[in-house]
Amino acid sequence: MGVEAHATNERVTGRRWTVRLDPVGRGRADVRVSCSRPACAAQVLPSAAAGRTAAIGHLKAHLRAGPAPRPSAQCACRAEECHTHIRPAGPRERPVPWRCGGAVVLAVITDREGRWWQVMECCSRCAAAHPTGKVVATAPAAEAAARSDGFRADAAGPTAPGGTATPGGPAATTPTFSAAGPHFSHSATAAGTAVPQQASAPRSDHRSDPRTAPRSARPPRRRPPRGRIAQRLVPHDLRPVALRDELTELGELFRAYQARTEPDLAMLADLHARKAEAFHAWAEATADTGLRLDARRAEQAAATARLQHLHRIGQAPDGEGPAVARLLTAPAQWNHARSVLAHVAENAPLPGAEARLLVVMVTLRTAQSGVGNLVGQDIKGLPLHDPQHLVEQLVESGWLGISGTVEELIASRPENPTRITVPSLTPDENDPGPFTFGRKLRPKLSGWAQRVVGEKKLRKGKTEADVRLLALALATGSDGEGRLGPGGEGIGVDILSSWCAVDPGDLPALVDRLTAADWLAEAEVTDTLLTGKLTERVLPLGCPLT
């Protein structure tokens, strides 16, 4: 009894300290790095990145300078009665009252946002219970045995503080880190946290034959690396092993997909489907409600990605009619087409429907860089009464610049195009321009407008510029089924007349022309709204409202 009481009295509470990264003030970029150790002064760094680097460097210095975990130390979590990390003992496991279970280790835990790092001297069970916990060093088993022998031999010779045996007692040396010190890596992860790595254990002189080396001199057994998927760590002890391997592989496949330069929606749908199945199995194995919710979200993501893939390739989902093979396939492309038309409506340099139509086509030729090429057929193919005079007006207004004369532009052929510029669309250091789409999308948008304006029946019917402007407006103002307006509720007459540069009273005649050209069906014009739907023939030219 006396020996046990002496051992309890010698027990010391596990060490714990924290390095934090906090903002200095609202609206300021600089941050403060502080350490809970009394001798450490706070630092102020100019940015969060610099602060994070300084915080990790400060923590590394502590880990290099500090001693290894002490086998006799009381678990820091247990000392604070942290019930979250204490697991009930099994029928064959009777942990001592000062430890939850396992050897004493030095662990580093951190939050997922990388705002604080905490070093804790605790038992290995508590370290494993932290989702972000990483073991930096472990107290050697031989050291614990030597310390235990020292307690039992207390009557023969007491052990002096610091671990040096007094004459007459056994020696118990305090383990220290290797010369390289424990490594606390600052490699970026998806959550923005730093991941500490295992420190190497002290080596003994028995290097020729590892089997004859003492147990304390052998390197610690390393656990296999833990996988990560959807900001979750895959437990290394998850069973069945096939589920653990599937989750780890899926995490790697998702990260590889994110690194792709081009999307593959079919592949993404398959990945989400596999993730849903794996998360359902994980939830059954752990009874975790959060995993079940993640599995349902993965099922929804798989269905959405698969539907987008079918729409992109022009196929229909199972049990539905044929999908529309649209000229512009993605919602982002539809929105960019609408942005071009809206920009022209607000910034048209000349009045009238013919000028508006010419400005639309020239804008689409020069939208990305403010520079493009035109040939005479591009202008003469539009329904313009005097194209040369109209181009001259655009040049005189300063909106358009051409290389050469207007006559040369009208006479130019595809093998010798005319260079044109639109200064208001040319980006510079202070103004990136009104449009955000890239160089590859610009010709797609231009080709789409060319198809709408030059549609066969509109061309054969010799429709005027205002009718073709209305066709552009309706193509971008209908839903996926061709119904006009959001939810098929119609489009305002004032909006359409402003876009087509005509009086509201002239709009019914334009609608009749589109109906005769088999563009519109069930069309009805009131004092405020135009309702109806695009015919199935022109649905591929539509840009549905999303």
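Only a predicted model underlies this, so the values are computations on that prediction, with no experimental measurement involved. (Residues numbered from 1 in each chain as written. Predicted model: local features only at pLDDT ≥ 70, side-chain atom pairs only at ≥ 80, totals over all residues. Heavy atoms only, no water.)

Caption draft 1: Seen up close, the overall build of the chain. Across its full length, the chain holds 18 helices and 16 strands. Every one of the 546 residues in the chain was classed for burial, and the buried ones make up 40%. When contacts within the chain are restricted to residue pairs at least 6 apart in sequence, those whose partners lie at least 24 apart make up 60%. About 29400 Å² of surface is accessible on the chain, with carbon and sulfur atoms providing 52% of the total. (Helix = DSSP H or I, 4+ residues; strand = E, 2+ residues; numbered from the N terminus. Buried < 20%, exposed > 50% of the residue type's maximum accessible area, 1.4 Å probe, protein only. Contact = heavy atoms within 4.5 Å. Areas by Shrake-Rupley, 256 points an atom, 1.4 Å probe, with all protein chains shown as cover.)

Caption draft 2: Representation of the packing of helix α9 (residues 331-347) against helix α10 (residues 353-366) within the structure. Contact geometry for α9 and α10: axes closest at 10 Å, N-to-C directions at 130°. In terms of orientation, α9 lies oblique with respect to α10. Along this stretch, α9 crosses α10, giving a crossing that reads as right-handed. Where α9 abuts α10, its residues Val340, Leu341, Val344 and Ala345 lie against Arg356, Val359, Val360, Thr363 and Leu364. Its residues assigned to classes, the contact of α9 with α10 comprises seven nonpolar, one polar and one charged. (Axes fitted to C-alpha atoms, helices over the stretch in contact; angles between N-to-C directions. Parallel < 35°, antiparallel > 145°, perpendicular 65-115°, else oblique. Left-handed = near helix turned anticlockwise from the far one by under 90°. Nonpolar A, V, L, I, M, F, W, Y, C, P; charged D, E, K, R; others polar.)

Caption draft 3: Local environment of the sheet that holds strand β7 (residues 116-123). With antiparallel pairing, six strands are arranged side by side in an open sheet as β4-β3-β2-β7-β6-β8. Of all strands in the sheet, those with a lone pairing partner are β4 (43-45) and β8 (134-138), marking the two edges. On average, each strand axis in the sheet is tilted by 20° relative to the strand beside it, whichever way the strands run. Bridging between strand β6 (residues 104-110) and β7 involves seven bridges; their strand directions are antiparallel. Looking across to β7, one finds that Ala107 is bridged to Met120. (Pairing = 2+ DSSP bridges.)

Caption draft 4: View of the pairing of strand β16 (residues 529-534). For strand β14 (residues 491-492) and β16, the ladder comprises two bridges, and the chain directions are antiparallel. From the neighbouring strand, Gly492 faces β16, where its bridge partner is Leu529. When strand β15 (residues 520-525) meets β16, the two strands line up antiparallel, connected through four bridges. Bridged to Ala521 within β16 is Lys533. Here β15 hands over to β16 after three residues, the two strands then running antiparallel side by side.

Caption draft 5: Looking closely at the state of the cysteines. Counting across every chain of the model gives zero disulfides. The closest cysteine sulfur to the non-disulfide-bonded Cys75 is located on Cys126, 3.7 Å from its own sulfur. Residue class for Cys126 comes out buried when judged on its relative accessible area of 0%. (Disulfide = S-S within 2.5 Å.)

Caption draft 6: Just helix α16 (residues 465-475), in detail. The buried fraction of α16 is high, at eleven of eleven residues. Turning to α16, its buried residues are Ala465, Asp466, Val467, Arg468, Leu469, Leu470, Ala471, Leu472, Ala473, Leu474 and Ala475.

Caption draft 7: Structural view of the packing of aromatic side chains. The full count for this structure, using the stated rule, is two aromatic pairs. Centre to centre, the rings of Phe279 and Trp282 are 5.5 Å apart; their planes meet at 80°, and the pair counts as edge-to-face. Linking Phe279 with Trp282, this pair stays in helix α7 (residues 265-286), spanning three residues, or about one helical turn. Each member of the pair, Phe279 as well as Trp282, is classed as buried. Between Phe435 and Phe437, the aromatic rings sit 5.6 Å apart at their centres with planes inclined by 25°, giving stacked as the arrangement. In this structure, Phe435 and Phe437 share a single accessibility class: buried. Seen from the ring of Trp17, Arg37 lies directly overhead, with NZ or CZ sitting 3.9 Å from the centre. Just above the ring of Phe254 sits the side chain of Lys275; from NZ or CZ to the centre is 5.8 Å. (Phe/Tyr/Trp six-rings, centres within 6.5 Å; stacked < 30°, edge-to-face > 60°. Lys NZ or Arg CZ within 6 Å of the ring centre and 35° of its normal.)

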